[in-house]
There are 4 protein chains.
Amino acid sequence: MAYDFASDNAAVVDPRVMAAITACNDGFVPPYGADELSSRLNRAYSDVFEREVMVFPVSSGTAANGLSLGAVTPSYGTVFCHEMAHIVGSEAGSVEFYSGGGRLVMFPGDGAKLGAAALDAKLKGFGPSFLHQMHASTVSLTQATERGTVYSLAEIGAIGEVARRGGLKMHMDGARFANALAALGVTPAEMTWKSGVDILSLGTTKSGTVMAEAVIVFDKALAEAVRFKHKRAGFLHSKMRYFAAQLHAYVESDLWLENARKANATAARLATALAATPGVELAYPVETNQIFVHLPDAVTKAFAAEGLNVRPWASSRPGLHRMVASYCDPEALVARVERALATVGKG
Amino acid sequence: MAYDFASDNAAVVDPRVMAAITACNDGFVPPYGADELSSRLNRAYSDVFEREVMVFPVSSGTAANGLSLGAVTPSYGTVFCHEMAHIVGSEAGSVEFYSGGGRLVMFPGDGAKLGAAALDAKLKGFGPSFLHQMHASTVSLTQATERGTVYSLAEIGAIGEVARRGGLKMHMDGARFANALAALGVTPAEMTWKSGVDILSLGTTKSGTVMAEAVIVFDKALAEAVRFKHKRAGFLHSKMRYFAAQLHAYVESDLWLENARKANATAARLATALAATPGVELAYPVETNQIFVHLPDAVTKAFAAEGLNVRPWASSRPGLHRMVASYCDPEALVARVERALATVGKG
Amino acid sequence: MAYDFASDNAAVVDPRVMAAITACNDGFVPPYGADELSSRLNRAYSDVFEREVMVFPVSSGTAANGLSLGAVTPSYGTVFCHEMAHIVGSEAGSVEFYSGGGRLVMFPGDGAKLGAAALDAKLKGFGPSFLHQMHASTVSLTQATERGTVYSLAEIGAIGEVARRGGLKMHMDGARFANALAALGVTPAEMTWKSGVDILSLGTTKSGTVMAEAVIVFDKALAEAVRFKHKRAGFLHSKMRYFAAQLHAYVESDLWLENARKANATAARLATALAATPGVELAYPVETNQIFVHLPDAVTKAFAAEGLNVRPWASSRPGLHRMVASYCDPEALVARVERALATVGKG
Amino acid sequence: MAYDFASDNAAVVDPRVMAAITACNDGFVPPYGADELSSRLNRAYSDVFEREVMVFPVSSGTAANGLSLGAVTPSYGTVFCHEMAHIVGSEAGSVEFYSGGGRLVMFPGDGAKLGAAALDAKLKGFGPSFLHQMHASTVSLTQATERGTVYSLAEIGAIGEVARRGGLKMHMDGARFANALAALGVTPAEMTWKSGVDILSLGTTKSGTVMAEAVIVFDKALAEAVRFKHKRAGFLHSKMRYFAAQLHAYVESDLWLENARKANATAARLATALAATPGVELAYPVETNQIFVHLPDAVTKAFAAEGLNVRPWASSRPGLHRMVASYCDPEALVARVERALATVGKG
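Residues numbered from 1 in each chain as written. Chains lettered and ligands numbered in written order. Predicted model: local features only at pLDDT ≥ 70, side-chain atom pairs only at ≥ 80, totals over all residues. Heavy atoms only, no water.

Describing the pairing of strand β5 (residues 135-142) of chain A
Remark: a regular strand shows side chains that alternate across the two faces of the sheet. All names here are of chain A. Counting buried residues in β5 gives eight out of eight residues, a clear majority hidden from the surface. When strand β3 (residues 77-82) meets β5, the two strands line up parallel, connected through four bridges. If you follow Gly-77 over to β5, its bridge partner there is His-135. Where the polypeptide runs from β5 across helix α8 (residues 153-166) and back to strand β6 (residues 169-174), its parallel neighbour, the crossover connection is right-handed. (Buried < 20%, exposed > 50% of the residue type's maximum accessible area, 1.4 Å probe, protein only. Helix = DSSP H or I, 4+ residues; strand = E, 2+ residues; numbered from the N terminus. Pairing = 2+ DSSP bridges. Right-handed = clockwise from strand over helix to strand, strands pointing away.)

Below, the structure written as structure tokens:
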């Protein structure tokens, strides 16, 4: 059967998550988060993050990013981010919409990562006495990044320090948060508020839920704006129990880490096979479940012959492709890839 | 077991809808609506509405109203609506948010219904030569209304005619669309575009889905704004198949009408029993599944004794309560209510 | 020569203001408020208000209201105001625009005045635990009111106290601030921050400038939002000196109070003559320079014969007219009015 | 006396403009543009532009750009512009504010000019089928540019052609429109709508008015959005006559062209002297009244000795300075510059 490496969002829902949804489909319960499952959500995630947090479920990563960034960025503010960030080219302006007129200020950075020094330099052009620019408000970094790499704790902490000194709020786009967590082997607390993160977009859809993402607020002072924007944008769902069920199942028994580790491991094995193939060149270190790789035609043809579909990725250098491993990739997939690559090696 | 008449959104998901979700949870499929189920959505609803329509799934009624009204109302525009409309007091300003600065202009009307003549009179204060007001842009009516009544086709058509003459777009908040449809015994086409409706918020959550609502666009010219706002607000879900599965199941085999008829019938039986009870007075005709009724203390006490919970409803006249019947109310519920009321009758 | 009582904004510019503009039209000076006149603006108005204030010049009252209310009201917030407020029906939604999606919550009140008790009652429907409404953010009162009456210090203070307890910011629309000041005989400090006002729209155009209004910020914490919105809306004018010249001239030698007293006095004399005329009825106490009066046809005809034009004012009771006295009304105007009224008295 | 080349907005008001203001300061006239001078504004500028146009006076260039771009760009739309455009770094986000959430998409271009081919290439990444980007809505070009160069009619027309094919609206930031007009020796019609421009920010402040800029609308269909945004932002001034007087005086007897020619001629003479000086290098062709020039320390010292102040301009290459010539520069100024430069030449 054909297999497509396009994205981890093409995967099914983890059976344990589906079971949680089915289990809660029983009887009348109060709406708008007043049910028992939803009421326990803050508590459950406060345990995960070792600190009192507030959880705002939404139905997509775009919503999580727009809502969280819109809540911490005034309408006249800027969000500093890497030029490859999801909020730049994949969300049709969620930040501009939720902030009501804010602006993204993007810059490059090795490994798809924002550098603390580059941010610091950028901030020099902004200041209370120079109104002609907009207000320097927020920095957003993506963990794992849009190219599959991860920020180390030291890197996040350094950005957090620049943010703190510059009066910026710090946001993390964690669409693949669990994959980064698994890769670093650190705690959720260390990767977020202990490194300076004020607010987090926590993705769960790519690792096993139907469509549950969450804004996690570490700083209570930010909650008011999130609560009202969350409501008026349409995410205070009446049947909130079905969202809560997913979010509980996601972290119970470390489901999230288990699934993330599986996807990361598959990617690592694929990367090893790819790197060993003549003419193939990894574009970025493979640190989580995304692979960005330059593939010669021979490889894409061999893949096609094996029923493996890979997509070209827009780049100034032709031949770049993205391959994303999923938590539910069949065990045999790696062998199929190795078989295809072997035919190239022989050529 | 205790029963609470608070709202139909406290109900479970219809087993047929849940089965559809489970059924689609199989294999990798393309994201963002490119899967097979999602691709068939426009076709399926075009059949239902006897006209080519575009369907934009969202996860709540607030999102549906905000998105649809925000797409047809410029930032400097007004939305004319009944003072009891959901967009007025229950959505924390979804219209102001999605329109980016629009305004609701509300007025009263018998039976919680906007009157064509009242709208016409209101429009006199707006006009191209009088800039000091805002632009007269849109009219929104709720079918069934917030008090459980329904607009007749003639009433909708009359408002549609005023809208057409005044250059207004016409929106219908159909959070309980199926209940109104069942009550009137007309077609979806007759109740919408044939009566002048340009865009519809179609609610399905209260009649059996998890959290699937949809914006239905009848006029292609409006689709561009809906598409972009839908995307940037965060409703172009990656795993769209799970939304599509619900929306397909909802109209297949007339599930929606069947469920709506059940809820309406339950409400009718409850209303009959209530109306026959001394001291009880129906505040509005019971035409769908919502009952607004003045209850003397004797009745609320008798209900409590039977484990039946009813909520007071904010009103200038004390004693008003709302009781909402659900499609999944148990058969025995009406008998319990009759039993409780009988004790009052004897008193 | 015909005379029209339509509005005080039809008047010319005070010669002393025009002289100040001409006087500053000399030589190259730094732009954007860095010139000497602009630099002294905060100092001059801090003296006037007996407290350190920040002054943001704008070119209209609509801009002053939108900017100040938009700066203190979040996009998800409400502004409580009287239903006759200028922001309701005369600014095409300036508050919704500058706040980026806020909402006006209006209510009635005798003498076109908001009552502290009514505001208090209104606030009961809003609260941190009830998200379905919007956030209760701001109260705005107009001094002098849209019907020419004035709030006493006690009335302003009582509203200020409700605002303080409810966590609201307090705004004053002072389009005719000087007229109210002259009427009450109190200090600018007493009528504003000493009574709880956080931010003021100070009108000067109606009392003698070309088109200079100002947002006066009493609370430094509010200044950041004002500064950025002021800039991006387009009011950080390059040739700021010409605005500063007007605003200095306005308060120097008490020009503003002198002009306001003149206009008020003219209105008082007109009111006396009107009240003494058979069939004429003052709709509101005449406390500043605006007169709202029910005029029989005989009077409007007599006015017409004398070349005096008065405009009907929209009202449920026909015959209401507004007559506004200006600081530059010719001395002979009152005599003309008296002459016209005398012919009616005889009739 | 010291002289500062910082900007042409440091200049005084042309005596003829001041005379027009003083002349109209006579008697009561209707407000909000209903006076005689304002009523003639559309007619006067329709004559200038050889087509029926609508004129919306505002008080700054930022307002003109924000208002015009916000009116033609939906909240989900992008404005394509040169990375040096005024809207990028000098208006604190006027476009994001007035559009309610739009985005600037910037790119480089020789001579501070946007190229038609570069725009065409950029548009490839946008399209109706690729929602993840925002909507491609508008192109904005600055004439004369931010570096003093001018687009030829052919260059404007080529961009206009790309815009037309791509469905973009076309905006011109004409803060120094007259300077460009004088430089090219073409008609206002040729430089705007005949080359594809839909809407124009017409600057007049730098060439002799107090603070009058105007949005000029060539396409009637765009006027509605401009009218309402113009009103609610606060630019429908009550005493509109004083704006109208300036805008009439500006084009009467070709005052604008006369002043622009003077400033351009002064710049040309300065450029000639600079280019002949050892170590001095013009960074851009001097085509209007702005000079961007690399100055060695010897020159800035010689200037200082002569009382001539020049400002460094942010650039990756140190030593860049901007010198702006004004219509009211004294005749002797060029001689002073030549005298200073002569001392360097000798060194």
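So, unusual backbone geometry
For residues other than glycine, phi is negative in most cases, and the peptide bonds are mostly trans. Omega for the bond connecting Gln-143 of chain B with Ala-144 of chain B falls within 30 degrees of zero, at -10°, which places this linkage in the cis form. Summarising the element assignment, Ala-144 of chain B is placed in the loop between β5 (135-142) and α8 (153-166). Even without being a glycine, Ala-112 of chain D presents a positive backbone phi close to 65°. Structurally, the position occupied by Ala-112 of chain D is in the loop between β4 (103-107) and α7 (116-123).

As for the relation of the copies chain B and chain A
For the pair chain B and chain A, the relating rotation is 180°, the translation along its axis is 0.0 Å, and the fit reaches an RMSD of 0.0 Å. The symmetry that links the two subunits is that of a two-fold axis. A high fraction, 100%, of the interface residues of chain B reappear at the interface in chain A, so the copies pair face to face through one surface. (Least-squares fit on C-alpha atoms with pLDDT ≥ 70 in both. Contact = heavy atoms within 4.5 Å.)

Here we look at the sheet that holds strand β9 (residues 281-282) of chain C
Residue and element names in this part refer to chain C. If you walk across this open sheet you meet the four strands as β9-β10-β13-β12, and the pairing is antiparallel. Only two strands of the sheet have a single neighbouring strand rather than two, namely β9 and β12 (311-312). Bridge count between β12 and strand β13 (residues 320-324): two bridges; the pairing is antiparallel. By the bridge assignment, Pro-312 is partnered in β13 with His-321. Lying on the sheet, helix α13 (residues 255-275) is in contact with β9, β10 (290-294) and β13; it crosses β10 at an angle near 10°. (Axes fitted to C-alpha atoms, helices over the stretch in contact; angles between N-to-C directions.)

Quick word on the interface of chain B and chain A
Contacts between the two partners involve 47 residues from chain B and, on the opposite side, 47 residues from chain A. Interface of chain B and chain A: buried area, both sides summed, is about 4,100 Å²; carbon and sulfur atoms make up 61% of it. In terms of surface lost to chain A, no three residues of chain B exceed Phe-28, Arg-232 and Lys-239 of chain B, which account for 20% of the buried area on that side. For the pair chain B and chain A, the number of links is zero salt bridges. Summed over the shared surface of chain B and chain A, the number is 26 residue pairs in polar contact (both at pLDDT 80 or more). (Buried area = accessible area lost by both parts, 1.4 Å probe. Salt bridge = Lys/Arg side-chain N within 4 Å of Asp/Glu carboxyl O. Polar contact = N/O pair within 3.5 Å; in protein donor to acceptor, adjacent residues only side chain to side chain.)

Section: the sheet that holds strand β9 (residues 281-282) of chain A
All names here are of chain A. If you trace the four strands from one edge of the open sheet to the other, you get β9-β10-β13-β12, paired in antiparallel fashion. Sheet topology places β9 and β12 (311-312) at the edges, where each strand pairs with a single neighbour. Relative to strand β10 (residues 290-294), β9 runs antiparallel, the two sharing two bridges. Looking at the pairing, Leu-282 lines up with Val-293 of β10.

Description of the packing of aromatic side chains
Residue and element names in this part refer to chain A. Under the definition given, this model contains 52 aromatic pairs over all chains. Judged by centre distance (6.2 Å) and plane angle (15°), the rings of Phe-177 and Trp-256 are stacked. Of this pair, Phe-177 sits in helix α9 (residues 177-184) while Trp-256 sits in helix α13 (residues 255-275), placing them 79 residues apart in sequence. With respect to burial, Phe-177 and Trp-256 carry one shared label: buried. (Phe/Tyr/Trp six-rings, centres within 6.5 Å; stacked < 30°, edge-to-face > 60°.)

So, the nonpolar core
Formed by 178 residues in total, the largest nonpolar core has its most connected members in Tyr-45 of chain A together with Tyr-45 of chain B. Excluding residues within four positions of it along the chain, Tyr-45 of chain A makes contact with Val-53, Val-55, Leu-202, Ile-216, Leu-247, Tyr-250 and Val-251 of chain A. Counting residues in hydrophobic clusters, the runner-up holds 174 residues, among them Val-17 and Phe-243 of chain C together with Met-191 and Leu-202 of chain D. (Core = buried A, V, L, I, M, F, W, Y, C linked by side-chain atoms within 4.5 Å.)

Some thoughts on the packing of helix α4 (residues 61-72) of chain C against helix α11 (residues 223-233) of chain C
Residues and elements named next belong to chain C. The N-to-C vectors of α4 and α11 enclose an angle of 135°; their axes lie 9 Å apart at closest approach. With respect to α11, the element α4 is oriented oblique. The chirality of how α4 crosses α11 is right-handed. Mapping the contact onto sequence places Leu-67, Gly-70 and Ala-71 in α4 and Ala-225, Val-226, Lys-229 and His-230 in α11. Taken together, the residues that form the contact of α4 with α11 break down as four nonpolar, two polar and one charged. (Parallel < 35°, antiparallel > 145°, perpendicular 65-115°, else oblique. Left-handed = near helix turned anticlockwise from the far one by under 90°. Nonpolar A, V, L, I, M, F, W, Y, C, P; charged D, E, K, R; others polar.)

Some details on helix α8 (residues 153-166) of chain C
Residues and elements named next belong to chain C. With 14 residues, α8 should reach 20 Å at 1.5 Å per residue; the first-to-last C-alpha distance of 20 Å fits that figure. Where α8 is buried, its residues contact α7 (116-123), β5 (135-142), β6 (169-174) and α10 (188-191). Gly-167, located one to two residues past α8, shows a positive phi value of around 75°. (Expected span 1.5 Å × (residues − 1).)

A closer look at the interface of chain C and chain A
The figure often quoted for interface size is the accessible area lost as the parts come together. Chain C puts 19 residues into the contact, and the matching count from chain A is 19 residues. Linking chain C to chain A there are ten residue pairs in polar contact (both at pLDDT 80 or more). In terms of residues, the side of chain C that touches chain A owes the most to one element, α11 of chain C, which gives seven residues. Split into classes, the residues belonging to the side of chain C that touches chain A amount to eight nonpolar, six polar and five charged.

Looking at the pattern of salt bridges
Residues and elements named next belong to chain A. Counted under the stated rule, the structure contains 59 salt bridges over all chains. Between Glu-36 and Arg-40 there is a salt bridge, with the nearest N and O atoms lying 2.8 Å from each other. Arg-40 gets classed as partly exposed once you look at its relative accessible area, which sits at 36%. One salt bridge connects Arg-164 with Glu-161, and the closest N-O pair in it is separated by 2.9 Å. On the criterion of helical spacing, the pair formed by Arg-164 and Glu-161 is a turn pair, its members being three residues apart in helix α8. You can call Arg-164 exposed: its relative accessible area is 56%. Members of the salt-bridge network, linked through shared partners, are Asp-14, Arg-16 and Glu-258.

Some details on the relation of the copies chain C and chain A
When chain C is fitted to chain A, the residual RMSD is 0.0 Å, and the transformation amounts to a turn of 180° plus an axial shift of 0.0 Å. Both copies present the same face, since 100% of the interface residues in chain C are matched by interface residues at the equivalent positions in chain A.

With respect to the state of the cysteines
Note on terminology: a disulfide is the covalent bond linking the sulfur atoms of two cysteines. Scanning all chains against the criterion turns up zero disulfides over all chains. Free of any disulfide, Cys-24 of chain B has its nearest neighbouring cysteine sulfur in Cys-328 of chain A, separated by 13 Å. (Disulfide = S-S within 2.5 Å.)

Looking at the side chain of His-230 of chain D
Residue and element names in this part refer to chain D. With respect to the element layout, His-230 can be found in helix α11 (residues 223-233). We classify His-230 as buried; its relative accessible area is 3%. Polar side-chain contacts of His-230 include one of 2.7 Å to the backbone oxygen of Pro-57. Setting aside its immediate chain neighbours within four residues, His-230 contacts Phe-56, Pro-57, Val-58, Leu-67, Phe-235, Leu-236 and Met-240.

Digging into the environment of Leu-37 of chain B
All names here are of chain B. Considering the arrangement of structural elements, one finds Leu-37 in helix α2 (residues 36-39). With a relative accessible area of 18%, Leu-37 lands in the buried category. Along the sequence, Leu-37 and His-171 sit 134 residues apart, while their C-alpha atoms lie 27 Å from each other. Ignoring any residue separated from it by four or fewer positions in sequence, one finds Leu-37 in contact with Cys-24, Arg-241, Ala-244, Ala-245 and His-248.

Some details on the environment of Tyr-3 of chain C
Following the sequence through the fold, Tyr-3 of chain C ends up in strand β1 (residues 3-4). The spacing of Tyr-3 of chain C and Gln-143 of chain C is 140 residues in sequence and 27 Å in space, taken between C-alpha atoms. Those residues in contact with Tyr-3 of chain C, other than ones at most four positions away along the chain, are Gly-307, Leu-308, Asn-309, Val-324, Asp-329, Pro-330, Leu-333 and Arg-336 of chain C together with Phe-28 of chain D.

The values are spatial; any link to function lies outside them.
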